[in-house]
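# Residue-level structural notes
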Amino acid sequence: MYEAPAAMLAASRRWRAQGLEVGLVPTMGALHAGHLSLIEAARGENSMVVVSVFVNPIQFGPGEDFARYPRDPAHDAGVLIGAGVDAVYQPSVEVMYPPGSATRVHVSGVGDSLEGAARPGHFEGVATVVTKLFTAVEPDRAYFGQKDAQQVAVVKRLARDLDLPVEIRVGPTVREEDGLALSSRNAYLNPEERTAAASLSAALRLAAAAYSAGERSPDELRKVLCGRFEAEPLARVEYAEVVDPETFTSPGTLAVLAVRIGKTRLIDNHELSKVFPG
Ligand code: AMP
């Protein structure tokens, strides 16, 4: 386990000097099967796998859930050992953002719409911490989940624009049996909300069916998405759009959703030209 960027970097450079390739899986902990699938992908493509565990305060807005975000170090340690990861990078907030830290990385355009608009500063926080993680680990490859599709687009843009010598790899969304995308935030749901939360994947499935039946109008596809929530009194749609997966503007074929189930904000997405899994 490494807690300081300099120690992490020294270790990573030692490995790479030995000809070992390094894969990085950035996480905020509370590890679940979605994280594990990225760790497995990293294992398959690299000799050394580093998992970072850091709940990044600057990607949470005021009034968001930073303080109560699920943290379970004992569980995470068991999962990480079980998965056979080679190193864990777990800096404290003070190490990551020492007093006086003032630099932020802003990805314009793709980071400004949808999640970026709903959560001002969110992607700036993500882009800043990802840049710092890449600097500390110097990975050959870094692994991100399609679950956070706009984050993927932001990180790819960031890596291209700053000429970061890292390959961005994307893993498919891991889902529960009823379709709910795994998320650390699912822990906030009570049993009734948990049932209602399946409406996100159900809406995406309906939109994919409409698309495969020939529907191409963004308005109609948006109506299909939104229609699924009319029968869900616990659900409130924040946005439902069909966008381009690189720019996150319309038109496109990636259906993206942000929905509140009770007080819990969930996101999900699906590429409509593909069959919905399950
Ligand atoms: P988080 O700990 O939520 O910041 O997530 C860490 C990484 O795991 C991010 O790249 C996420 O996109 C990815 N991830 C989260 N949930 C899933 C999931 N259900 N399936 C696949 N990857 C996921």
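Notes on the structure in this doc start here. Along every chain, residues carry numbers that run from 1 in the direction the sequence is written. The model is predicted, so local features are restricted to residues of pLDDT at least 70 and side-chain atom pairs to those at 80 or more, both for listing and for counting; the totals for chains, interfaces and linings are taken over all residues. Only hydrogens and water are set aside; all other atoms, that is, all heavy atoms of the structure, feed into the side-chain values.

### Description of the overall build of the protein chain
Secondary structure summary: the protein chain contains 9 helices and 8 strands in total. Between the two quantities, the radius of gyration covers C-alpha atoms and the globule rule is 2.2 Å times the number of residues to the power 0.38. For 278 residues, the compact-globule estimate of 2.2 N^0.38 gives 19 Å, and the C-alpha radius of gyration of the protein chain, at 19 Å, lies within 12% of that figure. Only heavy atoms enter the contact rule, under which two residues are in contact if any of them lie within 4.5 Å. Put simply, of all contacts in the protein chain between residues at least 6 apart along the chain, 70% involve residues at least 24 apart. To measure how exposed things are, a 1.4 Å probe is used in the Shrake-Rupley method; for residues, cover is taken only from the protein chains shown. Counting only carbon and sulfur atoms, one obtains 54% of the accessible surface of the protein chain, whose full area is about 12,800 Å². Only runs of H or I of at least four residues qualify as helices and only runs of E of at least two qualify as strands under DSSP, and these elements are numbered from the N terminus.

### Considering the site of the ligand
It suffices for a single heavy atom of a residue to lie within 4 Å of a molecule or strand for the residue to be listed as near it. Around the ligand sit 17 residues, and of these His35, Gly145, Asp148, Val174 and Leu182 come closest. A distance of 2.8 Å is found between an oxygen atom of the ligand and a side-chain nitrogen or oxygen belonging to His35. Contacts to the ligand include Gly145, whose backbone N or O atom sits 2.9 Å from an oxygen atom. Listed by contribution, the elements that provide at least two residues to the shell around the ligand are β1 (22-27), α2 (33-45) and β4 (141-145). With 3 residues, the top contributor of residues to the shell around the ligand is α2. Residues of the shell around the ligand, tallied by class, amount to 8 nonpolar, 7 polar and 2 charged. Polar contact criterion, stated in full: a pair of N or O atoms within 3.5 Å, where within protein one must be able to donate a hydrogen and the other to accept it, and residues adjacent in sequence count only if both atoms are side-chain atoms. Polar here means any residue outside two lists: the nonpolar Ala, Val, Leu, Ile, Met, Phe, Trp, Tyr, Cys and Pro, and the charged Asp, Glu, Lys and Arg; Gly therefore counts as polar.

### Details of the side chain of Asp65
Within the fold, Asp65 resides in the loop between β2 (48-53) and α3 (73-82). Only protein chains enter the accessibility calculation, which uses a 1.4 Å probe. A residue is then buried if its area is under 20% of the maximum for its type, exposed if over 50%, and partly exposed in between. Its relative accessible area of 11% is what places Asp65 among the buried residues. One polar contact links Asp65 to Arg185, side chain to side chain, over a distance of 2.7 Å. If we skip the residues at most four places from it in the chain, Asp65 touches Phe60, Arg185 and Tyr188.

### Some words on unusual backbone geometry
Looking along the chain, the bond that leaves Ser250 and enters Pro251 is cis, with omega of 0°. Tracing the sequence through the fold places Pro251 in the loop between β6 (235-243) and β7 (254-261). Not every positive phi belongs to a glycine, and Phe248 is a case in point at roughly 60°. Position of Phe248 relative to the elements: it lies in the loop between β6 and β7. Taking relative accessible area as the criterion, Phe248 reaches 3% and is therefore assigned buried.

### Thoughts on the environment of Tyr211
One can find Tyr211 in helix α8 (residues 191-212). The sequence separation of Tyr211 and Ala42 amounts to 169 residues, and the corresponding C-alpha distance is 33 Å. Once you skip the residues sitting within four places of it in the chain, Tyr211 turns out to touch Arg216, Leu221, Thr253, Leu272 and Ser273.

### Looking at the nonpolar core
Of all hydrophobic cores here, the largest spans 43 residues; its most connected members are Val50, Phe134 and Phe248. Looking at this core, the element that brings in the most residues is helix α6 (residues 122-137), giving 9 residues. Apart from residues no more than four positions distant in its own chain, Phe134 is found in contact with Leu24, Pro139, Ala142, Phe144, Val155, Leu164, Val166 and Ile168. We call a set of buried Ala, Val, Leu, Ile, Met, Phe, Trp, Tyr and Cys residues a nonpolar core when their side-chain atoms join them within 4.5 Å. Ranked by size, the runner-up nonpolar core spans 24 residues in total, among them Leu189, Phe229, Leu272 and Phe276.

### Remarks on the sheet that holds β1
When DSSP finds at least two bridges between two strands, those strands are taken to pair. Sheet architecture is open: 5 strands sit in the order β3-β2-β1-β4-β5, paired in parallel fashion. Single-partner strands in this sheet number two, and they are β3 (87-89) and β5 (167-171). Strand-to-strand twist of the sheet, defined as the mean angle between neighbouring strand axes without regard to direction, takes the value 30°. Two elements, β4 and β5, share 5 bridges in a ladder whose sense is parallel. Counted as the bridge partner of Phe144 is Val170 from β5. Note on geometry: axes are C-alpha line fits, over the in-contact stretch for helices, and angles between N-to-C directions span 0 to 180 degrees. Across the face of the sheet, α6 comes into contact with β1, β2, β3, β4 and β5 while running at roughly 150° to β1.

### Topic: the sheet that holds β6
Taken together, 3 strands build an open sheet; the order of strands is β6-β7-β8 and the sheet is antiparallel. Only two strands of the sheet have a single neighbouring strand rather than two, namely β6 and β8 (264-271). On average, each strand axis in the sheet is inclined to that of its neighbour by 15°, with strand direction left out of account. Pairing of β7 with β8 involves 8 bridges; the strand directions are antiparallel. Counterpart to Ala258 in the pairing with β8 is Ile267.

### Digging into the side chain of His32
For His32, the position within the fold is in the loop between β1 and α2. Apart from the residues within four sequence positions on either side, His32 is in contact with Leu182, Ser183 and Ser184.

### Some words on the pattern of salt bridges
Salt bridge criterion: a side-chain nitrogen from Lys or Arg within 4 Å of a carboxyl oxygen from Asp or Glu. The full count for this structure, using the stated rule, is 19 salt bridges. Taken together, the salt bridges that share partners define one network made up of Glu21, Glu45, Arg141, Glu167 and Arg169.

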